[in-house]
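# Topology and contacts: notes
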Number of protein chains: 4
Amino acid sequence: MDALKKLWLPLILVNFKTYLEGTGRKARGLAEIAQKVSDEVGVCIGLAPQYTDIAQIARIVSLPIFSQHIDHYVPGSFTGHILPEAIKETKAVGTLINHSERRLCISEIDATIRRVKDLGLISVVCTNNANVSASTAALNPDFIAIEPPELIGTGIPVSKAKPQIVTTTIKQVKKINPAITILCGAGISNGADVSAALKLGTNGVLVASGIVKAKRPYKTLMEFAQATTK
Amino acid sequence: MDALKKLWLPLILVNFKTYLEGTGRKARGLAEIAQKVSDEVGVCIGLAPQYTDIAQIARIVSLPIFSQHIDHYVPGSFTGHILPEAIKETKAVGTLINHSERRLCISEIDATIRRVKDLGLISVVCTNNANVSASTAALNPDFIAIEPPELIGTGIPVSKAKPQIVTTTIKQVKKINPAITILCGAGISNGADVSAALKLGTNGVLVASGIVKAKRPYKTLMEFAQATTK
Amino acid sequence: MDALKKLWLPLILVNFKTYLEGTGRKARGLAEIAQKVSDEVGVCIGLAPQYTDIAQIARIVSLPIFSQHIDHYVPGSFTGHILPEAIKETKAVGTLINHSERRLCISEIDATIRRVKDLGLISVVCTNNANVSASTAALNPDFIAIEPPELIGTGIPVSKAKPQIVTTTIKQVKKINPAITILCGAGISNGADVSAALKLGTNGVLVASGIVKAKRPYKTLMEFAQATTK
Amino acid sequence: MDALKKLWLPLILVNFKTYLEGTGRKARGLAEIAQKVSDEVGVCIGLAPQYTDIAQIARIVSLPIFSQHIDHYVPGSFTGHILPEAIKETKAVGTLINHSERRLCISEIDATIRRVKDLGLISVVCTNNANVSASTAALNPDFIAIEPPELIGTGIPVSKAKPQIVTTTIKQVKKINPAITILCGAGISNGADVSAALKLGTNGVLVASGIVKAKRPYKTLMEFAQATTK
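Residues numbered from 1 in each chain as written. Chains lettered and ligands numbered in written order. Predicted model: local features only at pLDDT ≥ 70, side-chain atom pairs only at ≥ 80, totals over all residues.

### Focus: the overall build of chain A
- From N to C terminus, chain A includes eleven helices and eight strands.
- For 230 residues, the compact-globule estimate of 2.2 N^0.38 gives 17 Å, and chain A sits close to it at 16 Å.
- Along the first, second and third principal axes, the C-alpha atoms of chain A reach 45 × 40 × 35 Å.
- Counting only residues that meet the buried cut, chain A has 62% of its 230 residues in that class.
- In chain A, of all internal contacts separated by at least 6 residues, the share reaching a separation of at least 24 is 66%. (Helix = DSSP H or I, 4+ residues; strand = E, 2+ residues; numbered from the N terminus. Rg over C-alpha atoms; globule rule 2.2 N^0.38 Å. Buried ≥ 20, exposed ≤ 12 C-beta atoms within 10 Å, placed from the backbone. Contact = placed C-beta atoms within 7 Å.)

Spelled out as structure tokens, the structure:
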């Protein structure tokens with residue numbers, strides 16, 4: 001796991017959310033674009049499509065794929081929920097946990113990280129500020145993605161608008177568990193935002209509309225990828 | 001839609017829940033068994049697998065497939081949720097709504113039925129008693145599936161243990177909207193339970209562990225199917 | 001109960017929400033103003049203060065007092081929840097249920113109405129449109145308060161901006177259960193809005209900021225009260 | 001605050017839950033018993049009654065009173081929720097947060113602790129295991145009460161059945177923030193359980209049914225109190 005994680009860094013993780021541009025056939029198109037950019041630049045691009053699209057995308061690309069959420073339940077009577085074993089079988093390698101649009105109780109985050117780890121999946125826990133990041137660090141996820149909710153979808157990049165949230169997060173998280181890899185997200189729209197995020201000490205970015213709703217996703221994703229190599 | 005619905009009746013609707021026996025490769029195996037039984041007996045069998053499995057199952061069988069849950073959101077920023085357009089694109093024909101393991105607010109059920117209808121999908125709303133069934137009828141879903149939660153997974157069939165819940169549901173629902181098709185579920189384990197359900201006036205059954213966790217699913221499902229033809 | 005309900009009509013029901021102007025000492029001040037207006041005009045004014053204030057307000061006024069929410073649980077291990085028996089003992093006479101800021105599952109609304117009825121308390125279920133009102137009618141609450149959420153707190157009165165939502169609600173609810181009393185709310189700010197609501201066929205209004213955050217609550221509430229007598 | 005906290009230790013904190021024996025008139029009776037025991041033994045007993053009872057209990061006893069839950073909202077449109085300012089005005093001195101029967105998102109716990117601190121109230125965050133306790137410590141509450149949910153209400157005391165959960169919690173919490181005071185709870189039923197809890201290094205216990213549903217609350221509470229003085 002740890003060796004694998006390193007190979008991925010720096011990581012551009014694209015959350016497809018429930019955008020039409022990231023659904024079904026269009027989701028597969030976007031995945032193919034990401035594969036192309038990844039191959040051309042030699043940078044790792046992770047994809048977090050909707051549950052319904054994971055299996056098919058996993059068959060057409062070799063990029064690491066993440067679920068957008070997962071439940072901690074063991075197999076049983078949980079109609080409509082997201083079974084970790086089901087995600088595992090799609091060939092996804094990990095999952096977002098506690099995204100600001102799908103918040104969890106602290107005891108659920110703890111249980112989910114354990115379940116995910118037991119299955120050999122990677123956990124990427126989203127947090128909203130430095131305090132919550134430190135708190136999450138004590139639960140030992142693989143990744144923490146700090147995303148101030150007030151900047152999500154705004155185009156105002158966290159890496160420029162609130163750099164101190166990112167640097168404080170890094171400092172506090174590392175104090176509690178130095179093995180955790182840190183991404184930042186919210187408002188990341190171009191290569192300069194990505195560069196700024198890396199300069200702050202993160203190992204990559206979590207991005208959604210900036211790529212999925214971009215007019216020319218190939219061009220924008222290429223710009224993101226190249227920014228990570230400078 | 002209405003003509004299609006009629007063709008399906010009587011309907012055996014199999015909820016795969018998050019059972020291991022209904023996940024991934026095993027879910028596809030179960031879907032193939034259902035196709036075989038449906039072809040042999042000439043009875044409609046609907047399938048409600050997990051989100052991650054819908055698309056692949058839809059490609060290997062010609063049975064009507066339902067999501068286990070759906071959100072009413074329009075495309076946008078709803079990470080980890082179930083977009084109706086995404087379900088539509090998997091080739092599912094409809095969705096369970098408000099299953100006892102995934103309850104919704106009354107205003108959400110209303111919004112979900114509308115969204116689902118706009119996309120040409122079939123709504124199957126689960127209810128827990130006759131009162132809630134009548135209440136749901138006023139929201140005009142295609143199907144209501146009455147399932148007393150205290151019997152779910154017990155093997156004690158609602159059609160025998162609580163027939164009056166089923167008959168009162170039928171009476172009250174029809175008074176409010178006679179176009180709604182009624183299924184019953186909870187504890188349905190063999191052909192006699194299915195026969196009893198139909199004799200009470202339902203148009204089919206919603207079943208989960210009775211089939212998915214059966215020792216010999218082909219044999220049990222065959223028994224269910226044959227019971228609908230008597 | 002039914003005789004009591006009639007005595008109250010037309011009803012001005014004031015939801016104190018969690019406004020500072022409706023908290024603690026100020027809540028008691030507002031309750032005294034309501035008592036004064038009620039006495040002077042001979043019109044019933046109901047009050048829905050916060051849980052923490054109910055008991056003290058019940059001791060200083062003789063107006064009917066409602067909880068803002070209630071849980072359907074029976075006495076037991078439900079830390080932090082609202083026990084119907086606790087509300088009963090404060091001398092409140094009833095409760096709001098399913099306010100748009102505190103939505104419930106349909107099966108919870110059903111269970112809550114039953115619990116409340118068993119204790120001799122009055123149920124006032126809030127709904128967001130005519131469909132959901134009809135659906136709620138099948139659960140047989142005492143009152144339905146129709147409040148389009150998009151107008152709540154705007155000062156744009158439902159009784160003028162969306163009269164058809166109110167009249168359709170009345171028609172559909174009465175068809176299912178003519179014994180239910182109907183209030184409307186959202187944006188009600190002055191006497192003319194109250195008059196308009198009554199002319200549409202309601203038996204009163206549910207109001208919050210229009211009174212609680214009014215610059216001169218006595219004057220505004222007096223205007224509301226007088227409007228009901230014309 | 002810190003001086004005050006010290007005066008209270010060791011603390012016996014009694015959660016009244018929504019037991020009938022802890023509601024209304026009976027809640028006040030129980031509060032008077034607690035006052036008597038506290039006065040006689042010279043030990044601090046905290047009380048966490050239902051919202052509806054806080055104000056009246058605060059007037060008849062001089063013990064520290066806690067809410068069972070609180071919301072982090074600022075004054076506004078949050079019908080049916082628990083405004084910190086409203087709790088403050090009842091004369092409660094603090095609140096339970098994240099009880100296992102009222103779980104919160106991690107970002108809500110963070111926001112709630114801040115709100116509570118800003119108002120000069122004491123935060124007592126409940127946790128379910130050592131990991132979640134460590135995680136909570138990073139959010140800097142005043143108290144952490146570790147309660148393994150599987151033991152709550154069983155009469156099997158955490159301090160004897162799972163001492164290592166308590167000691168690991170203390171160790172991990174102190175490493176992150178040594179200023180946090182630690183209680184333990186679940187299954188605490190007699191003086192020996194209280195002694196065991198203190199010997200493990202806690203500063204007191206969180207108890208519910210053990211006192212509230214005791215046949216002779218005065219006798220049992222007296223036993224608890226005396227156990228803290230040995």
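Structure's up, so let's keep going.
### Observations regarding the arrangement of the chains
- The closest approach of any C-alpha atom in chain A to one in chain C is 16 Å; the two make no contact.
- For chain B and chain D, which are not in contact, the least C-alpha distance works out to 16 Å.

### A closer look at the sheet that holds strand 4 (residues 94-97) of chain D
Residue and element names in this part refer to chain D.
- Strand order in the open sheet formed by eight strands is 2-1-8-7-6-5-4-3, with parallel pairing between adjacent strands. Taken across any chain shown, the strands that pair with only one partner, and hence form the sheet edges, are strand 2 (44-48) and strand 3 (66-67).
- Pairing of strand 3 with strand 4 involves two bridges; the strand directions are parallel. In the strand pairing of strand 4, Ser67 is matched with Thr95. (Pairing = 2+ DSSP bridges.)

### Let's talk about the environment of Val166 of chain A
- Note that Val166 of chain A resides in helix 8 (residues 163-176).
- Those residues in contact with Val166 of chain A, other than ones at most four positions away along the chain, are Ile146, Val158, Ser159, Cys184, Leu200 and Thr202 of chain A.

### A short note on the environment of Ile180 of chain C
Residues and elements named next belong to chain C.
- Looking at the element boundaries, Ile180 is found in the loop between helix 8 (163-176) and strand 7 (181-185).
- Of the residues examined, Ile180 has 21 C-beta atoms within 10 Å and is grouped as buried.
- When the C-alpha atoms of Ile180 and Val125 are compared, they prove to be 11 Å apart, with 55 residues separating the residues in sequence.
- The contacts of Ile180, once residues within four sequence positions are left out, are Ala137, Pro141, Phe143, Ile144 and Val173.

### Here we look at the relation of the copies chain C and chain B
- Screw-axis analysis of chain C against chain B gives a translation of 0.0 Å along the axis, an RMSD of 0.0 Å, and a rotation angle of 180°. Accordingly, the operation relating the two chain copies is best matched by a two-fold axis. (Least-squares fit on C-alpha atoms with pLDDT ≥ 70 in both.)

### Notes on the interface of chain C and chain B
- Taken together, the contact pairs 17 residues of chain C with 17 residues of chain B.
- Looking at the side of chain C that touches chain B, the elements with two or more residues in it are helix 5 (106-118) and helix 6 (130-137) of chain C.
- Here the side of chain C that touches chain B takes five residues from helix 6 of chain C, the largest share from any one element.

### As for helix 8 of chain C
- The first and last C-alpha atoms of helix 8 of chain C sit 20 Å apart over 14 residues, in line with the 20 Å expected at 1.5 Å per residue.
- When we look at burial in helix 8 of chain C, the residues that qualify are Ile165, Val166, Thr169, Ile170, Val173 and Ile176 of chain C. The buried residues of helix 8 of chain C occupy an angular sector of 140° when projected down its axis, which confines them to one face. Exposed side of helix 8 of chain C, more than 90 degrees from the buried face: Gln164 and Lys175 of chain C are the residues found there.
- Residues of helix 8 of chain C that are buried in the fold lie against helix 8 (163-176) of chain B together with helix 6, strand 6 (143-146), helix 7 (158-161) and strand 7 of chain C. (Expected span 1.5 Å × (residues − 1). Arc of directions from axis to C-beta.)

### Examining the packing of helix 3 (residues 51-60) of chain C against helix 3 (residues 51-60) of chain D
- Two numbers describe how helix 3 of chain C lies on helix 3 of chain D: the axes approach to 6 Å, and their chain directions differ by 60°. On the basis of their axis angle, the class for helix 3 of chain C and helix 3 of chain D is oblique. When the axes of helix 3 of chain C and helix 3 of chain D are compared, the crossing they make is right-handed. Contact residues: Tyr51, Thr52, Ile54, Ala55 and Gln56 of chain C in helix 3 of chain C; Tyr51, Thr52, Ile54, Ala55 and Gln56 of chain D in helix 3 of chain D.
- For the contact of helix 3 of chain C with helix 3 of chain D, the class distribution of residues is six nonpolar, four polar and no charged. (Axes fitted to C-alpha atoms, helices over the stretch in contact; angles between N-to-C directions. Parallel < 35°, antiparallel > 145°, perpendicular 65-115°, else oblique. Left-handed = near helix turned anticlockwise from the far one by under 90°. Nonpolar A, V, L, I, M, F, W, Y, C, P; charged D, E, K, R; others polar.)

### Some words on the confidence of the model for chain A
- Summing up the model confidence of chain A, the mean pLDDT is 94 and the portion of residues at 70 or higher is 97%.
- Taken over the whole predicted complex, pTM reads 0.94, whereas the ipTM for its chain interfaces reads 0.95. (pLDDT = per-residue confidence, 0-100.)

### A closer look at the relation of the copies chain C and chain D
- Note on the identical chains: chain C maps onto chain D by a rotation of 180° and an axial translation of 0.0 Å, with an RMSD of 0.0 Å.
- Interface overlap between copies is the fraction of interface residues in one copy that are interface residues in the other; for chain C against chain D it reaches 97%, indicating a shared surface.

### Structural notes on the interface of chain C and chain D
- Contacts between the two partners involve 35 residues from chain C, matched on the other side by 34 residues from chain D.
- Of all elements in the fold, only helix 2 (24-41), helix 3 and helix 4 (84-89) of chain C reach the threshold of two or more residues within the side of chain C that touches chain D.
- No other element matches the five residues that helix 3 of chain C contributes to the side of chain C that touches chain D.

### A closer look at the nonpolar core
- Grouped together as the largest cluster of nonpolar side chains are 323 residues, with contacts concentrated most on Val14 of chain A, Val14 of chain B, Val14 of chain C together with Val14 of chain D.
- Every residue in contact with Val14 of chain A, bar those within four places of it in the chain, is listed here: Ala34, Ile45, Gly46, Leu47, Ala48, Val207, Ile211 and Val212 of chain A. (Core = buried A, V, L, I, M, F, W, Y, C linked by C-beta atoms within 7 Å.)

### Focus: the sheet that holds strand 3 (residues 66-67) of chain B
Residues and elements named next belong to chain B.
- The strand order across the open sheet formed by eight strands is 2-1-8-7-6-5-4-3, and the pairing between neighbours is parallel. The two strands at the open ends of the sheet, each matched to only one other strand, are strand 2 (44-48) and strand 3.
- Of the strand pairs in this sheet, strand 1 (residues 11-15) and strand 2 are connected by five bridges, and their pairing is parallel. Opposite Leu13, over in strand 2, you have Gly46 as the bridge partner.

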